[in-house]
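Inside the fold
Spelled out from the first residue to the last, the chains are:
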Amino acid sequence: MHRCHYTPAGLPGVHLIDLRSDRRFPRHAHDQYGIGVMLDGGHRSWSGRGLVEAGPNDVITVSPNELHDGIPLRDAPRHWCMMFVEPSVVARLAGADMAAREFHHPALADPLLARRLTTALRDLPQAGADEGAEIVTDLFAALLDDAHEAPATVAPSPGVHRMLERIHDDPVSAPSLAALAGIAGLTPYTALRRFRREVGTPPHAYLKQYRVRLACQAIAAGHPLAEAALRAGFADQSHMTRAFVRQLGVTPGQWRP
């Protein structure tokens, strides 16, 4: 079972998504902040902040660039709504200091905040630009006011850094593990183990989720879907669509502003 409904938020840089799904989502990351509420069912998620579970009425969050996955509890469908907000929007509305922070809790049992978020998700599509900006600012103040500035990212080891550079420099051409290992000066076995340990996912899986993020950026910039697919390194639009649905639960057309 998988149903997704995308609603324009009426505010540039903000996406609203309603999902009902029993799918397992692989490890991936977003360029945006994500805040939402679990309406029914629940899931377990791995992230840099540890393994967590979210159940009905729990608030769920994800910070930009935070690698995470999503596994339904007991393989049963769950229903959740999310708001994705570009960091640039947070910086414009709440200041650069606020946009440099990250969420403390990937899952939070706070019934009052859950009600506020549910109301915001309902009201945003009908709100004007000023009211929408106020709604988003209020929510981020509630979630980030007591949050710490994002910690400095631990630099990857030199070998992993070279592997990441190769993937980022040419995401269109998928390198073999042997080629990446040669770039890193490691055996394929050691390269795979070290990459997974430091990045959180194997190189080929990282490349696939990185291509989806590039496609998101191209779509947000207004490029046609077929062109976005080629820019991100997909063979064609259908390959991009399958990757989007697998990782994000939405199609590229639904993601398009």
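To start, this report covers the structure provided alongside it. Not measured: the values here are computed from a predicted model.

With that out of the way, let us pick up the layout of surface pockets. When its volume is computed, the second largest pocket comes out at roughly 190 Å³. Around the second largest pocket, the lining residues are His204, Lys208, Arg211, Phe234, Ala235, His239, Arg242, Ala243, Arg246 and Gln247. Only helix 8 (203-220) and helix 10 (237-248) provide two or more residues apiece to the lining of the second largest pocket. By residue number, the principal contributor to the lining of the second largest pocket is helix 10, which donates five residues. For the lining of the second largest pocket, the per-class residue count stands at three nonpolar, three polar and four charged.

Our focus in this paragraph is the nonpolar core. Judged by nonpolar contacts, the single largest core of 41 residues is most densely connected at Ile17, Phe234, Met240, Phe244 and Trp255. In terms of residues, this core owes the most to one element, helix 8, which gives nine residues. For Ile17, the residues in contact, after removing those within four places along its chain, are Cys4, His5, Tyr6, Trp80, Cys81, Met82, Phe84, Val250 and Trp255.

Our focus in this paragraph is empty space enclosed by the protein. Using the criterion set out here, one finds two cavities of 30 Å³ or more in the structure. Within this model, the largest cavity holds a volume of roughly 410 Å³. In terms of lining residues, the largest cavity is bounded by 28 residues, among which His43, His68, Asp69, Trp80 and Met82 are the most central. Of all elements in the fold, only strand 2 (14-21), strand 3 (25-28), strand 5 (43-47), strand 6 (50-54), strand 7 (59-62), strand 8 (68-72), strand 9 (78-85) and helix 10 reach the threshold of two or more residues within the lining of the largest cavity. Considering every element that reaches the lining of the largest cavity, the biggest residue donor is strand 9, with four residues. Per-class residue counts for the lining of the largest cavity are 14 nonpolar, nine polar and five charged. The computed volume of the second largest cavity comes to approximately 50 Å³. Around the second largest cavity sit Ala29, His30, Asp31, Gln32, Val212, Arg213, Cys216, Leu248 and Trp255, which together line it. In terms of residue count, the dominant contributor to the lining of the second largest cavity is helix 8 (three residues).

The six strands lie next to each other as 1-2-9-4-7-10, forming an open sheet whose pairing is antiparallel. At either margin of the open sheet sits one strand with a lone partner, and together these are strand 1 (2-8) and strand 10 (107-108). Pairing of strand 1 with strand 2, which is carried by seven bridges, proceeds in the antiparallel orientation. Of the residues in strand 2, the one forming a bridge with Pro8 is His15. The sheet strands contacting helix 4 (residues 129-144) are strand 4 (33-40), strand 7 and strand 9, and the helix crosses strand 4 at an angle near 90°.

Moving on to the sheet that holds strand 6. Spatial ordering of the open sheet is given by 3-8-5-6, a layout of four strands whose pairing is antiparallel. The sheet is open, and its two edges are formed by strand 3 and strand 6, each paired on a single side. Taken pair by pair, the neighbouring strands of this sheet meet at an average axis angle of 20°, ignoring direction. As paired elements, strand 5 and strand 6 share five bridges and run antiparallel to each other. Residue Trp46 lies in a different strand from strand 6, and its bridge partner there is Leu51.

Turning our attention to the pairing of strand 5. Of the two faces of strand 5, the one holding His43, Ser45 and Ser47 is buried and the one holding Arg44 and Trp46 is not buried anywhere. The antiparallel pairing of strand 5 with strand 6 creates a hairpin that spans two residues between the two strands. Both strand 5 and strand 8 contribute to a ladder of three bridges, which runs antiparallel. For His43, the partnering residue across the bridge sits in strand 8 and is Pro72.

What follows covers the environment of Arg78. Considering the arrangement of structural elements, one finds Arg78 in strand 9. Assessed through its relative accessible area of 1%, Arg78 is described here as buried. Taking C-alpha positions, Arg78 is 6.3 Å from Asp22, a pair spaced 56 residues apart along the chain. Within the structure, the side chain of Arg78 is placed 3.0 Å from the backbone oxygen of Ser21, a separation counted as a polar contact. At a separation of 2.7 Å, a polar atom in the side chain of Arg78 contacts the main-chain carbonyl oxygen of Arg23.

Rules behind the numbers
- Residues numbered from 1 in each chain as written.
- Predicted model: local features only at pLDDT ≥ 70, side-chain atom pairs only at ≥ 80, totals over all residues.
- Heavy atoms only, no water.
- 1 Å grid on protein atoms, 1.4 Å probe; cavity = no way out; pocket = protein on both sides within 12 Å on 5 of 7 lines; lining within 4 Å.
- Points joined across faces, edges and corners; volume = space filled by probe spheres on them.
- Helix = DSSP H or I, 4+ residues; strand = E, 2+ residues; numbered from the N terminus.
- Nonpolar A, V, L, I, M, F, W, Y, C, P; charged D, E, K, R; others polar.
- Core = buried A, V, L, I, M, F, W, Y, C linked by side-chain atoms within 4.5 Å.
- Buried < 20%, exposed > 50% of the residue type's maximum accessible area, 1.4 Å probe, protein only.
- Contact = heavy atoms within 4.5 Å.
- Pairing = 2+ DSSP bridges.
- Axes fitted to C-alpha atoms, helices over the stretch in contact; angles between N-to-C directions.
- Polar contact = N/O pair within 3.5 Å; in protein donor to acceptor, adjacent residues only side chain to side chain.

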